[in-house]
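# Structure at a glance
In case you want the letters, here they are:
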Amino acid sequence: VSEFGRYAVTLRCANTLPKEIVERLTAIHAAQEQVEAQSEEMRLLQRKRFLTLEKYDDAGHGFTPFTDKRAARWIHTFLEEYHKNGLGFSDWVIMPNHLHLVTKGVAFETVEAFMKAWRGFKGESGKAMNRILSRTGPFWQDEWYDRLIRDAEEYRKWRNYLETNPVKAGLCDKGKAYPYLRLSDA
């Protein structure tokens, strides 16, 4: 069965989370494996995971490649032009050590097809970013956060989140003034 629609996705750069946070997230993940996928308990664990990550992402810990304007400009252009394996992006914000993305409408026949599209995106962008920054090693963290956007109201909330995220992180006074934000007209 295919899932059609948009996804909200957060990709984190490698080596951005303190060890104790990685351990906390591992414990949350283990708890998630023990509960029903569509349960209220799962929803609460997902929320706890998201809030834990958000707190540390916005603090800009660890590897922060997008503080380099060349890297931020390159990934911004890459996101504008990217459309491969059924994956493209309509809205995003580029933060110092992570990206928040909203996909264009997608239709993957299998979870494996979804995973393959993301691996392709991460591989291509990671290799290019390493070249730009004259570095080697993993660029992206293995895991990412994704959530199906179920309706227009949820899409509006994600767009608002993208716009306010750089303000919350102290990167600008007004989201629309942030140079690495894109909100589509859709």
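A short tour of the structure in this document, coming up. (Residues numbered from 1 in each chain as written. Predicted model: local features only at pLDDT ≥ 70, side-chain atom pairs only at ≥ 80, totals over all residues. Heavy atoms only, no water.)

### Focus on the pairing of strand β3 (residues 87-94)
Counted residue by residue, β3 has 8 buried out of 8 residues, so it is predominantly covered. Pairing between strand β2 (residues 83-84) and β3: 2 bridges, direction antiparallel. Within β3, the position partnered with His83 by the bridge is Gly88. Pairing geometry for β3 and strand β4 (residues 98-103), over 5 bridges, is antiparallel. Within the sheet, the bridge partner assigned to Ile94 lies in β4 and is Leu99. (Buried < 20%, exposed > 50% of the residue type's maximum accessible area, 1.4 Å probe, protein only. Helix = DSSP H or I, 4+ residues; strand = E, 2+ residues; numbered from the N terminus. Pairing = 2+ DSSP bridges.)

### Topic: the pairing of β4
Within β4, 6 of the 6 residues are buried, leaving the element largely enclosed by the surrounding structure. Neither face of β4 is left uncovered, since the one carrying His98, His100 and Val102 and the one carrying Leu99, Leu101 and Thr103 both have all their residues buried. In this antiparallel pair of consecutive strands, β3 and β4, the connection spans 3 residues.

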